[in-house]
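Structural features, examined
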Amino acid sequence: MANGLMGKVAAAGVGVLQYKRAGAPYGERGVLTRAIVAACEDAGLDPADVDGFVSYGDDHNQPDRLMPELGTKELRLSTAVWGGGGGGLLGAFELAAMAIATGQCKAVVVYRALVQGNSGRLSTAVMAHHVNNHFIAAGMMSPAQICAMRAMRMALQHNLPQESIEQLVLADYYHGSRNPEAVSYGQQFDIETYRNARWIAEPLRLFDCSRENDGAGAILLVSAEHARDLKQKPVYLLAAAIGAEKGWGDLLENDDDYTSTGFEPIARRLWESTGLGPKDIDVTQLYENFTYQGVSSLVGHGLISWESAVEDLKFDNLIAPSGKLPLNTSGGNLAQGFIHGINIAIEAVRQLRGQSANPVPDAKTCLVCGGPGSPINSSAIFANQIP
Amino acid sequence: MDYEALRTGPADAPYWQALSEGRLEMQKCQGCGKWTWPAVSRCGECGTWEPEWHAVELKGKLFSWTRTWHPFAGTEGIGTPYVTVLATLPQAGDRRLLGLYEGNESLLALDLPLVGRIATTRFGDQDIPAIRWLPA
């Protein structure tokens, strides 16, 4: 399969500001502007030279409104990915990379901002797309409940024990406790607190659910050649894919494989277009909006199987530096913070630069999987050298 | 039933009309025989427009379930905790429908035979036609 993107585009700068929910000292646009400027300063590129902007998941910050504060000289790409959730995260990188690789743009920022009270919460955005009278007539009005219904089927159909889910949570909090930027930094995570937390919708308890922070994150993408002239070590985008295949999508819970999270066609395209496979992935950043969906996303990418899940999902196997399947090295959505997933893409860049709080020795490739609760999903592979 | 109005409404309008009149009706394509759900205005399998609606018995099997404990906004009229089930309908091509569950919660298990009755669910200040599932 042709891959016109492989190694053509690189992440050159990252910027993130994160606060406790409802704790941002600026409005949403103010936080976002600071994150974009930080990403540009990280790269050593004038923010006025950014000519493209891509977001996802119903971000409300239109690029033209950012122009006066960034000093934008010319806006050439102003777009967002369809779909109400974090499923569009890596689709935003695909769009940005297509614009750069084809010469339509020179410097594109992928961003997401969230300040409570400005643009509302992601669950509201997901609901607006997905939840209708068919759901609410059955008492289902939130993504958590829909993911719970799917999680229950995963647990029953695949005999997935709660103990395996806990391993993912423990790994996230372990990494988060060692990351100064994480909400869980310095905290000892108590598994009993997790086990005894209140039910949200069975089998999901409170700490199975990502909880939103205020903040904004931005990643600056430029051509690979351009990146080599900037301040940081380039992190190349090898491939990104978004979509859904027949039998999957917004189908009123009638997806053909109900325990899937829809990643199979996405992963297939990543492998076909890079010549890589699951065994070539050194570290994974997983969008675990809900724990079970994170596990299903690992299955969808072929990193584990339902049959091997109990064996593969072991704390020691999931943590840096020694695990064979290190994931969410910043703490992930659960323990680093949740700005609708942008943090996990930023961690991919930092990990491949050698700047992670939990470095994976000699990591060359990083898989980033987008929001698995969405009808449309996306993933990408980043690398610090072109294979 | 005002067929003219239903045709110009969303594809699933006949479902809601039938449910509000105490019947379950689902869509089956007269071109290829496939049960289509969610409702569509064109069968994506064979290209036939306006698949026909057929009465379906309220019998199913439990495909999955969840018990909601968090008092999500709008669900006050249901009252937590409550169980929602996703039921497979074998006589409608194994299409799945959601509904609140009434009955012994210790019986909840995959493939539990279910029968349904039609009721309404209070959500916010609306009463929405709805299916209640209970053990057969």
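The structure reproduced in this document is the subject of the present report. (Residues numbered from 1 in each chain as written. Chains lettered and ligands numbered in written order. Predicted model: local features only at pLDDT ≥ 70, side-chain atom pairs only at ≥ 80, totals over all residues. Heavy atoms only, no water.)

1. A short note on unusual backbone geometry
Where we set the bar: In this description a helix means any DSSP run of H or I spanning at least four residues, a strand means any run of E spanning at least two, and both kinds are numbered starting from the N terminus. Working definition: with a 1.4 Å probe on protein chains only, accessible area under 20% of the residue-type maximum means buried, over 50% means exposed, and in between means partly exposed.
In this structure, the amide linkage connecting B:W37 to the following residue, B:P38, adopts the cis form with an omega of 5°. Structurally, B:P38 can be placed in the loop between β2 (35–36) and β3 (52–55). For the bond running from B:T80 to B:P81, omega is -10°, close enough to zero to count as cis. Assignment of secondary structure puts B:P81 in the loop between β4 (59–68) and β5 (82–89). Of note, the phi angle at A:L252 is positive, near 50°, even though the residue is not glycine. The residue A:L252 is located in the loop between β8 (235–243) and α10 (264–274) in this model. In this structure A:L252 comes out as buried when scored by relative accessible area, which is 9%. Unusually for a residue other than glycine, A:D362 sits at a positive phi of about 60°.

2. Remarks on the packing of aromatic side chains
How we decide: For Phe, Tyr and Trp, where Trp contributes only its six-membered ring, two rings pair if their centres lie within 6.5 Å, and the inter-plane angle classes them as stacked under 30 degrees, edge-to-face over 60, or tilted in between.
If you walk through the whole model with that rule in mind, you get 10 aromatic pairs over all chains. Relative to A:Y111, the ring of A:F53 lies with its centre 6.5 Å away and its plane at 75°, an arrangement referred to as edge-to-face. One end of the pair, A:F53, is in strand β2 (residues 52–55); the other, A:Y111, is in strand β4 (residues 107–114), with 58 residues separating them in the sequence. A relative accessible area of 0% places A:F53 in the buried class. Assessed through its relative accessible area of 2%, A:Y111 is described here as buried. Considering the side-chain rings of A:Y174 and A:F315, the 5.5 Å spacing of their centres and the 85° angle between planes classify their relative orientation as edge-to-face. Of this pair, A:Y174 sits in helix α7 (residues 162–177) while A:F315 is found in helix α13 (residues 315–318), placing the two residues 141 residues apart along the sequence. Judged by relative accessible area, which is 26%, A:Y174 ranks as partly exposed. Look at A:F315 and you get partly exposed, because its relative accessible area is 23%. Through a chain of ring-to-ring contacts, the aromatic side chains of B:Y15, B:W16, B:W37 and B:W53 assemble into a single cluster.

3. Some details on the pairing of strand β7 (residues 113–123) of chain B
All names here are of chain B. The condition that has to hold: Only strands that DSSP links by at least two bridges are regarded as paired with each other.
With 3 bridges joining them, β4 and β7 adopt antiparallel strand pairing. In the sheet register, K59 faces β7, and the bridge partner there is V115. Sheet topology places β7 next to strand β8 (residues 126–135); 10 bridges connect them, and they run antiparallel. Residue pairing in the sheet places T120 in a bridge with P129 of β8. Between the antiparallel neighbours β7 and β8 lie 2 residues, among them G124 with a positive phi of about 60°.

4. Describing the environment of B:D94
Residue and element names in this part refer to chain B. The cut-off we apply is this: Here, two residues are considered to be in contact whenever any of their heavy atoms come within 4.5 Å of each other.
One can find D94 in the loop between β5 and β6 (95–101). Separated by 34 residues in sequence, D94 and G60 have C-alpha atoms that sit 8.7 Å apart. Excluding residues within four positions of it along the chain, D94 makes contact with T88 and L89.

5. Quick word on the interface of chain B and chain A
Formally: Accessible surface is computed with a 1.4 Å probe, and the buried area is the amount of it that two parts give up when combined, taken over both parts together. The salt bridge definition used is simple: a Lys or Arg side-chain nitrogen within 4 Å of an Asp or Glu carboxyl oxygen. By the criterion applied in these results, polar contacts are pairs of N or O atoms within 3.5 Å in which, for protein atoms, one can donate a hydrogen and the other can accept it, and in which residues neighboring in sequence qualify only through two side-chain atoms. Side-chain classes are defined by residue name, with Ala, Val, Leu, Ile, Met, Phe, Trp, Tyr, Cys and Pro counting as nonpolar, Asp, Glu, Lys and Arg as charged, and the others, Gly among them, as polar.
On the chain A side, the residues contacting the 34 residues of chain B number 32 residues. Where chain B abuts chain A, roughly 2900 Å² becomes buried across the two surfaces, and 61% of that area is made up of carbon and sulfur atoms. The largest share of the area that chain B buries against chain A comes from B:F72, B:R96 and B:L98, three residues that together contribute 20% of it. For the interface between chain B and chain A, the tally reads 2 salt bridges. Two residues, A:K246 and B:E45, come together in a salt bridge whose shortest N-O distance is 3.0 Å. At the boundary of chain B with chain A, the tally comes to 19 residue pairs in polar contact (both at pLDDT 80 or more). Broken down by element, the residue count for the side of chain B that touches chain A peaks at 6 residues, all from β4(B). Looking at side-chain class alone, the side of chain B that touches chain A contains 20 nonpolar, 8 polar and 6 charged residues.

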